[in-house]
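So the chains spell out like this:
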Amino acid sequence: MGELVERVDEQDRVVGVVERGEAIERQWLHRVATTVCRDPEGRILVHRRQEDVSRFPGQYNWLIGGAAGVGESYEEAAARELAEELGVQASVRFVFKLLCRGAISPYWLGVHEAVVTEAIVPDPSEIAWHGWVSEGELQDALQRLTFVPDGADALRRYLAEPTP
């Protein structure tokens, strides 16, 4: 059996439990939790996905994350994904969520932020390269490099959010 996720409705209320692959295939809403990683200087972590991953191979991303599991909050999923993909334990702060129509499937996207102070040890099966960039450098990179498509709307909204 594949990864189980909660199928949700247009108001982000749980309506059932399904396999993630089925949710994608049938275009059912489910939850995805992501984190914007910043270093103490405020730079944003950017990474390139491995060429052999199933979704968006070789593309760049500024978010770390994945599907929220059954019974898992957005915050719990975001923290788990940081540990799995970057090998770091960091406190995540919820910033916003948005209904994303998605390049492969619709989903609710929870965006978090974390300041990462420890060394990053990326999962080599997921991440081929990573580096820290300023907000301006990230916006420039979006024009030059192929980024995971769902991140553009989230980036615009994230950059417009007031900082706490």
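Let us look at the structure shown here.

What counts and how
- Residues numbered from 1 in each chain as written.
- Predicted model: local features only at pLDDT ≥ 70, side-chain atom pairs only at ≥ 80, totals over all residues.
- Heavy atoms only, no water.
- Patch = residues over 30% accessible without salt bridge, like charges linked within 9 Å, V, L, I, M, F, W, Y side chains within 5 Å.
- Areas by Shrake-Rupley, 256 points an atom, 1.4 Å probe, with all protein chains shown as cover.
- Salt bridge = Lys/Arg side-chain N within 4 Å of Asp/Glu carboxyl O.
- Helix = DSSP H or I, 4+ residues; strand = E, 2+ residues; numbered from the N terminus.
- Buried < 20%, exposed > 50% of the residue type's maximum accessible area, 1.4 Å probe, protein only.
- Phe/Tyr/Trp six-rings, centres within 6.5 Å; stacked < 30°, edge-to-face > 60°.
- Pairing = 2+ DSSP bridges.
- Core = buried A, V, L, I, M, F, W, Y, C linked by side-chain atoms within 4.5 Å.
- Contact = heavy atoms within 4.5 Å.

Next up on the list: a nonpolar patch on the surface. Where nonpolar side chains cluster on the molecular surface, the patch consists of Leu4, Val17 and Val70 and spans about 230 Å² of accessible area. By the element assignment, leucine 4 lies in strand 1 (residues 4–8). For leucine 4, a relative accessible area of 35% gives the class partly exposed.

Any pair of aromatic rings gets described here by the distance separating the centres and the angle formed by the planes. If you walk through the whole model with that rule in mind, you get 3 aromatic pairs. Where tyrosine 60 meets tryptophan 129, the ring centres are 6.0 Å apart and the plane angle is 70 degrees; that geometry is what we call edge-to-face. Separated by 69 residues along the polypeptide, tyrosine 60 in strand 5 (residues 60–61) and tryptophan 129 in strand 9 (residues 127–133) bring together distant segments of the chain. Pairing tyrosine 60 with phenylalanine 147 gives two aromatic rings, centres 5.8 Å apart and planes at 35 degrees, and the pair type is tilted. Placement of tyrosine 60 in strand 5 and of phenylalanine 147 in the loop between helix 3 (135–144) and helix 4 (151–160) is noted, with a sequence separation of 87 residues between them. Owing to a relative accessible area of 17%, tyrosine 60 belongs among the buried residues under this scheme.

Right, let's talk about the pairing of strand 8 (residues 107–115) for a bit. Among the 9 residues in strand 8, 8 count as buried, and that is most of the element. Across 8 bridges, strand 3 (residues 31–38) lies against strand 8 in parallel orientation. What sits directly across from threonine 34, in strand 8, is valine 111. Of the strand pairs in this sheet, strand 7 (residues 93–100) and strand 8 are connected by 7 bridges, and their pairing is antiparallel. In the sheet register, phenylalanine 96 faces strand 8, and the bridge partner there is valine 111. With antiparallel pairing between neighbouring strands as the criterion, strand 7 and strand 8 make up a hairpin whose turn holds 6 residues, including glycine 102 at a positive phi of roughly 70 degrees.

Phi is positive for glutamine 27, which is not a glycine, with a value near 60 degrees. With respect to the helices, strands and loops of the structure, glutamine 27 is situated in the loop between helix 1 (20–25) and strand 3. Phi at phenylalanine 56 is positive, roughly 55 degrees, even though this residue is not glycine. You can see phenylalanine 56 is positioned in the loop between strand 4 (44–49) and strand 5. Exposure remark for phenylalanine 56: the relative accessible area of 18% places this residue in the buried category.

Among the nonpolar cores identified, the biggest contains 21 residues, and Val36, Trp62, Leu109, Val111, Leu138 and Tyr158 are the most heavily contacted of them. The set of elements that each furnish at least two residues to this core consists of strand 3, strand 4, strand 7, strand 8, helix 3 and helix 4. Of all the elements, strand 7 adds the most residues to this core, at 4 residues. Residue contacts for tyrosine 158: discarding those within four places in its chain leaves Val36, Arg38, Ile44, Trp62, Val95, Phe96, Val111 and Glu113. Among the nonpolar cores identified, the runner-up in size contains 20 residues, and Val8, Ala33, Leu45 and Ile64 belong to it.

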